[in-house]
Protein chains: 2
Amino acid sequence: MQTLTVDLGDRSYPIYIGAGVLQQSLLAQHVRGKQVMLVSNETVAPLYRAAVCQSLSEFEVDEVILPDGEAYKDLAHWNQIFDQLLLKRHNRTTTLIALGGGVIGDMAGFAAACYQRGVNFIQVPTTLLSQVDSSVGGKTGVNHPAGKNMIGAFHQPVAVLADTGVLNTLPDVELSAGLAEVIKYGLIHDADFFTWLENNMQALRSRNADALAYAIYRSCEIKAEMVALDEREAGVRALLNLGHTFGHAIETHAGYGQWLHGQAVAAGTMMAADLSCRMGWINADDVDRIERLFKAAGLPIKPPADMTPAHFNALMSIDKKVLDGRLRLVLLEAIGQAVVTDQFDQAALMQTLQGVR
Amino acid sequence: MQTLTVDLGDRSYPIYIGAGVLQQSLLAQHVRGKQVMLVSNETVAPLYRAAVCQSLSEFEVDEVILPDGEAYKDLAHWNQIFDQLLLKRHNRTTTLIALGGGVIGDMAGFAAACYQRGVNFIQVPTTLLSQVDSSVGGKTGVNHPAGKNMIGAFHQPVAVLADTGVLNTLPDVELSAGLAEVIKYGLIHDADFFTWLENNMQALRSRNADALAYAIYRSCEIKAEMVALDEREAGVRALLNLGHTFGHAIETHAGYGQWLHGQAVAAGTMMAADLSCRMGWINADDVDRIERLFKAAGLPIKPPADMTPAHFNALMSIDKKVLDGRLRLVLLEAIGQAVVTDQFDQAALMQTLQGVR
């Protein structure tokens, strides 16, 4: 087992990474009061609820099981967590445990942020995507029909348990979606890690435990470093959104849950790479390397065929990265180096929107 | 005009108190981007919307007008604020302005806390209660059918404008409700202020501007001092809840909006005073002084006649001040000195619940 500390002063917390961390006493160590509310979904709960409950035998454990999927990440399902907390009379010393992927982590974390104005929260991410992304950094929230993650809060967990063992039950398509974010970390911050991924993609897709553990550790390390520098996302943290402005537009256009987040990020990142190339910041060989790696990871490299520039323009203008009406994008200056900028050519952007090559 | 600074490090903010502060340029000074969302209710908006908009002519001002009353302080009406923010494409540099009483302040503040994970927020409280209580301290939130203020966040405004002029349109019963909280500040922290209130209650009820300004200033000063010491309500800030554990039970039992918050706090504070007397901490003369002052302020001194000890026990066990199943109450050691404690006699509590004297 490896332990990574996210350094946020008095809100610092450990991420435990490795095979079997869920079977250890780590969970119980981070519960504060007597009450625990397990938040999970109908897919994950039957698989791992028993392991979680076994390690919490000394506590009063209640649970709320939500339907599985991004389509249910809304205020109405979020409110079901409060219904259960109040029905079972949980007080402000309760601990919420999120057992599931990013949707469960975001909803349970946001409920923990708001129940009685903030209670204890532990993340047990069960997808590669949530292990390397949404479980690190304290972003929580739900979707609004007019935009993804528009309602939320920053709320740090007291611990994250990333067990590589749970990835054995993850469908291939979701493993690939997680790899999109892993590749993103290489692209924005670490060219050597990008090369390592080129050399180890087959090992990762065949779920080699050591390869997965390294990829998770390095991804979390890069994200933790950026979050520690910039907890409230004023500056460098925005680089983590590479591919996300285009990607959110793709997800919204397709309808939540139709494209997996990681798939949309992959196609969105290819659009960012294409625009970066048109600006002359990276060259065609770089774009080819990125495209080959996404393909090797089993990911799409283009947005849905029916999306027009008009669709993108309409959906991106509501994006959180628009400052006072001016669109800012994360683009690449090199593999391993990203930048947030509004200094790009509008004609080049239009060419990118008209179809990635 | 007087200005009080709530000292919270990089979240410090000014409270402007006096007649006509709304007519000055103070509001515009604290807007950050180009967009403003005015949140108000159907009663207050027609009275003061024009004054607010006139001082914001250089900004894009949109508005959401909610129905008036505690009954509408719920997730569904809270979501109407997000509907409007997204419809009008407000980005994360927007400023929300709460124009109304505590309900509007709590809902708009909670929306500001959660819209895109936190945006700028200005309070323009239009009731005495919200000027001396909910506009100071950063508590925001909505009610759940099973409990008041169970869903919320701490989110500090960037400025509060407490204009004594707007109190001229406030119904008498709401002025009295605000005075309940003013009296509370004297009881928990300042015996001299309590005496000043005994001597000036008629001036306050007849809306003498100078008397109101002093009462608001001193109340905000006491609350600001306690909030600065204890932003997250771990310790001394809990003293501000004098009368609130009993009071919340009264409000919930009566049904939200049936008893005004300040009326419930007055009756609840009398119960706390009664229990404190039964414990021998204050004497019968103290209880008489408190009762006389609440009566002079036009406030109830007993809970609804149909409330039984069983009602109180059921409703208080869900209260946020229950720690691991043990009820904690704010009680009085003297007029001007309160304490948070779970060290009270259960039999004495039962006698109090059976009827305040």
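As a starting point, this report considers the structure included with it. In this text, all values refer to a predicted model and were calculated from it rather than measured experimentally. (Residues numbered from 1 in each chain as written. Chains lettered and ligands numbered in written order. Predicted model: local features only at pLDDT ≥ 70, side-chain atom pairs only at ≥ 80, totals over all residues. Heavy atoms only, no water.)

### Some details on the overall build of chain A
Part 1 of the argument: Counting secondary structure elements, chain A contains 13 helices and 13 strands.
Part 2 of the argument: A compact globule built from 357 residues would reach a C-alpha radius of gyration of about 21 Å, and chain A, at 20 Å, matches this within 12%.
Part 3 of the argument: In terms of its C-alpha atoms, chain A occupies a principal-axis envelope of roughly 60 × 40 × 35 Å.
Part 4 of the argument: Taking all 357 residues of chain A together, the buried fraction comes to 64%.
Part 5 of the argument: Considering only residue pairs separated by 6 or more positions, chain A has 75% of its internal contacts joining residues 24 or more positions apart.
Part 6 of the argument: When the accessible surface of chain A is split by element, carbon and sulfur atoms take 48% of a total near 12500 Å². (Helix = DSSP H or I, 4+ residues; strand = E, 2+ residues; numbered from the N terminus. Rg over C-alpha atoms; globule rule 2.2 N^0.38 Å. Buried < 20%, exposed > 50% of the residue type's maximum accessible area, 1.4 Å probe, protein only. Contact = heavy atoms within 4.5 Å. Areas by Shrake-Rupley, 256 points an atom, 1.4 Å probe, with all protein chains shown as cover.)

### Examining the pairing of strand β2 (residues 13–18) of chain A
Residues and elements named next belong to chain A.
Part 1 of the argument: Here β2 lies mainly inside the structure; 6 of its 6 residues are buried.
Part 2 of the argument: Here β2 shows two buried faces, one formed by Y13, I15 and I17 and the other by P14, Y16 and G18.
Part 3 of the argument: Two strands pair when backbone bridges link them, and strand β1 (residues 2–6) and β2 are joined in this way by 5 bridges, in the antiparallel orientation. The residue of β2 that forms the bridge with L4 is I15.
Part 4 of the argument: Turn length for the β1-β2 hairpin, with the two strands adjacent in sequence and antiparallel, is 6 residues, and the turn residue G9 shows positive phi of about 60 degrees.
Part 5 of the argument: Of the strand pairs in this sheet, β2 and strand β9 (residues 159–163) are connected by 4 bridges, and their pairing is parallel. Residue pairing for β9: I15 is matched across the bridge by V160. (Pairing = 2+ DSSP bridges.)

### Re the sheet that holds strand β4 (residues 60–66) of chain B
Residue and element names in this part refer to chain B.
Part 1 of the argument: One open sheet holds the 7 strands; their spatial order is β1-β2-β9-β6-β5-β3-β4, and the pairing between them is mixed. The open sheet is flanked by β1 (2–6) and β4, the only strands paired with a single partner. Strand-to-strand twist of the sheet, defined as the mean angle between neighbouring strand axes without regard to direction, takes the value 15 degrees.
Part 2 of the argument: Sheet contacts for helix α3 (residues 75–87): β3 (35–41), β4 and β5 (95–100); angle to β4, the most-contacted strand, approximately 155 degrees.
Part 3 of the argument: Its contacts with the sheet place helix α4 (residues 102–114) against β3, β4, β5 and β6 (120–125), and it is angled at close to 170 degrees to β5. (Axes fitted to C-alpha atoms, helices over the stretch in contact; angles between N-to-C directions.)

### Overview of the sheet that holds strand β6 (residues 120–125) of chain A
All names here are of chain A.
Part 1 of the argument: Overall, mixed pairing links the 7 strands, which are arranged β1-β2-β9-β6-β5-β3-β4 in an open sheet. Strand pairing shows two members of the sheet lacking a second neighbour, β1 and β4 (60–66), which therefore form its edges. Each adjacent strand pair in this sheet contributes to an overall mean axis angle of 15 degrees, direction not counted.
Part 2 of the argument: Of the strand pairs in this sheet, β6 and β9 are connected by 2 bridges, and their pairing is parallel. Each residue of the ladder has a partner; that of I122, found in β9, is A159.
Part 3 of the argument: Across the sheet, helix α3 (residues 75–87) is in contact with β3 (35–41), β4 and β5 (95–100); its angle to β4 comes to roughly 155 degrees.
Part 4 of the argument: Contacts between helix α4 (residues 102–114) and the sheet are confined to β3, β4, β5 and β6, with β5 contributing the most and set at about 170 degrees to the helix.

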